[in-house]
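Each chain, written out:
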Amino acid sequence: MHRRVLVMVVMFLAAGSARGQSSPPTDQTEQVKALLERVEQLEKRLAEVEAKQAASPVTSAAISNVSTRQKSEPQGATAPPGPAHDHMAQEQAVAQQAEIHYPSLQFRGFADMDFSATDEKGTTSGFKLGQLVLHLASPLSRKISYFGEMTFNAHADGYTVEVERSIIRYDYNDYFKLSFGRYHTPIGYWNTAFHHGAWLQTTIDRPEIVKFGGTFTPVHFVGFLAEGNIPSGGAGLSYNVGVGNGRGDIISRPGDAGDINNNRAWVANIFARPVKLYGLQLGASVYRDKITLMNGKDYREWITSAHLVWTRGDPEFLTEFANVNHRQVLTNRTSNSQGFYTQLGYRLPWFEKTLKPYYRFEYIHTPKSEAVFTNLDLVESIAGLRYDISSYAAFKGEYRHASRNVLQTPTFNGIVSGLFLQTSFTF
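Trainee: Explain unusual backbone geometry residue by residue, including any values.
Mentor: In this structure, the amide linkage connecting Tyr 102 to the following residue, Pro 103, adopts the cis form with an omega of -15°. Within the secondary structure, Pro 103 sits in the loop between helix H3 (89–97) and strand S1 (106–118). Its identity as a non-glycine residue notwithstanding, Glu 352 has a phi of 60°, on the positive side. Mapped onto the fold, Glu 352 is located in the loop between strand S12 (334–346) and strand S13 (355–365). Note on Glu 352: relative accessible area 56%, which makes it exposed. One non-glycine residue with positive phi stands out, namely Lys 353, at about 60°.

Laid out in structure tokens, this is it:
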């Protein structure tokens, strides 16, 4: 259609030129030829414009679908953890909504306020300001993006700022993505499914085996991480493989400023999300490192972990197990510490599904031969209720009963009970 219109224009111009000029026919022929070449150029430009117009609705539709999914979430529904072990799932959602220019910085925030009252000796009841968390995401090109996470933490003598995650990632395709920086170690499920920001998780606190500031498993990792999907049909297999610095002088912290020895730590994780069982995830992880304590002794560390979770629909089920093996290099003396948790939750059908009672059981055992950890023995039950007052804010209340073998002897057990409250939100 466009070509016929353009040809008619050419014929009209050519005829007008023939009537208005006394140049010979050869000149007219050259003019027609030049005009036809101009038509071809215009057709090419028209095709490019039509291609851009055809592509534009696709981009708009993609952004619209993201917005529609957010609006279609029932009021009070807890944000799903997303693809587990993809430590930038939330960041991708932000990047999809960003304008197509680079860099395009996006912010997201989380905060919480807590109250506790326990019978633990030496503690007082009262309010506590929780973490203020800032997420920063910025696509740098079509395949390269940056993500950062910072927390502001209240202490008796002021506040501390912590860089929790700082990652630059290259997305080659769905099967291979490579990132560098400080990220949450892909051991098990919880550590990469629920990041900083208490609103993301059902409960007030994380399980003890993956507690921020804890020692049972290394929560943070500094190095590089390769991740992606594995062609597996309906099995939905994915992987994470990373190499980096191991535990630092303080074993609860990673080697942010450098490793403490010349041995790099590595981690590997594989998990499945079957297509026909949407919401189910099961997987296994292994972590290897060499630890050098401040007393100069070296230990080989093996951590093996397995998890099984169901996170879609009204019921919620999460369970995770980890075994930490330490072997002293000089004496070959070994120890094995075990820990696990099981969490159940159910979103009630009333009040627009804003109420979610839950229960969690935790267990940790460290033997007397354990030389890297201080005693971590724990048996704890947590019963709680989460009430989503809006799509972006929640109240939580918990009763906890915990038994700790404080002195690592069977004759002394520290039993603590308490009430814990929290309001958490995202902005």
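Trainee: I'd like a rundown of the side chain of Asn 245, residues and numbers included.
Mentor: Along the chain, Asn 245 turns up in strand S7 (residues 237–245). Overall, the relative accessible area of 14% leaves Asn 245 in the buried class. From its side chain, Asn 245 meets the backbone oxygen of Gly 255 in a polar contact 2.8 Å long. Non-local contacts of Asn 245, meaning those with residues more than four positions away in its chain, are made with Phe 221, Val 222, Gly 255, Gly 258, Asp 259, Arg 264 and Ala 265.

Trainee: With reference to specific residues and values, describe the side chain of Ser 337.
Mentor: Checked against the element boundaries, Ser 337 lands in strand S12. A distance of 3.1 Å separates polar atoms of two side chains, one belonging to Ser 337 and the other to Glu 370.

Trainee: Go over the environment of Arg 386, please, and point to the residues and values.
Mentor: Inspection of the secondary structure puts Arg 386 in strand S14 (residues 378–390). Sequence-wise, Arg 386 and Gly 345 are 41 residues apart; in three dimensions their C-alpha atoms are separated by 9.6 Å. Of the polar contacts made by the side chain of Arg 386, one reaches the backbone oxygen of Trp 199; its length is 3.2 Å. Side-chain polar atoms of Arg 386 contact the side chain of Asp 388, separated by 3.2 Å.

Trainee: How would you summarise the packing of aromatic side chains if you had to cite specific residues and measurements?
Mentor: Here the distance between the centres and the angle between the planes together describe a pair of aromatic rings. By the definition in use, this model includes 14 aromatic pairs. Relative to Trp 302, the ring of Trp 266 has its centre 5.8 Å away and its plane inclined at 90°; by these criteria the two rings are edge-to-face. In this pair, Trp 266 is assigned in strand S8 (residues 265–272) and Trp 302 in strand S10 (residues 298–310), connecting sequence segments 36 residues apart. Trp 302 gets classed as partly exposed once you look at its relative accessible area, which sits at 33%. If you follow Lys 143 out to its NZ or CZ, it ends over the ring of Tyr 172, 6.0 Å from the centre. The aromatic ring of Phe 212 is capped on one face by Arg 206, whose charged end is 3.8 Å from the ring centroid.

Trainee: Kindly report on the pairing of S12, identifying the contributing residues and their values.
Mentor: Only one face of S12 is buried: it carries Ser 335, Ser 337, Gly 339, Tyr 341, Gln 343 and Gly 345, and the other face, with Thr 334, Asn 336, Gln 338, Phe 340, Thr 342, Leu 344 and Tyr 346, is open. Bridge count for strand S11 (residues 315–328) against S12 is 13 bridges, and the pairing is antiparallel. Its bridge partner lying in S12, Pro 315 is registered against Tyr 346. Where S12 lies against S13, eight bridges are found, and the strand directions are antiparallel.

Trainee: Could you give an account of the confidence of the model for the protein, with specific residues and numbers?
Mentor: When pLDDT drops low, the exact placement of atoms in the prediction is not to be read closely. The pLDDT averaged across the protein works out to 83; a share of 75% of its residues lies at or above 70. For the stretch residues 407–412, pLDDT sits under 50, and the model shows eight contacts to residues farther than four places along the chain or on other chains.

Trainee: Account for the pairing of S8, naming residues and giving values.
Mentor: Relative to S8, S7 runs antiparallel, the two sharing eight bridges. Residue pairing across strands places Gly 244 opposite Ala 265, the latter belonging to S8.

Trainee: I'd like to hear about the pattern of salt bridges, residue by residue, with values.
Mentor: One pass over the structure, following the stated rule, counts 19 salt bridges. For the salt bridge of Asp 205 with Arg 400, the shortest nitrogen-to-oxygen distance reads 3.0 Å. With a gap of 195 residues between them, Asp 205 in the loop between helix H4 (190–193) and strand S6 (220–230) and Arg 400 in strand S15 (residues 393–404) connect regions that are remote in the sequence. A residue is classified by how much of its surface remains accessible, and Arg 400, at 11% relative accessible area, is buried. One salt bridge connects Asp 259 with Arg 264, and the closest N-O pair in it is separated by 3.1 Å.

Cut-off values and rules
Residues numbered from 1 in each chain as written. Predicted model: local features only at pLDDT ≥ 70, side-chain atom pairs only at ≥ 80, totals over all residues. Heavy atoms only, no water. Helix = DSSP H or I, 4+ residues; strand = E, 2+ residues; numbered from the N terminus. Buried < 20%, exposed > 50% of the residue type's maximum accessible area, 1.4 Å probe, protein only. Polar contact = N/O pair within 3.5 Å; in protein donor to acceptor, adjacent residues only side chain to side chain. Contact = heavy atoms within 4.5 Å. Phe/Tyr/Trp six-rings, centres within 6.5 Å; stacked < 30°, edge-to-face > 60°. Lys NZ or Arg CZ within 6 Å of the ring centre and 35° of its normal. Pairing = 2+ DSSP bridges. pLDDT = per-residue confidence, 0-100. Salt bridge = Lys/Arg side-chain N within 4 Å of Asp/Glu carboxyl O.

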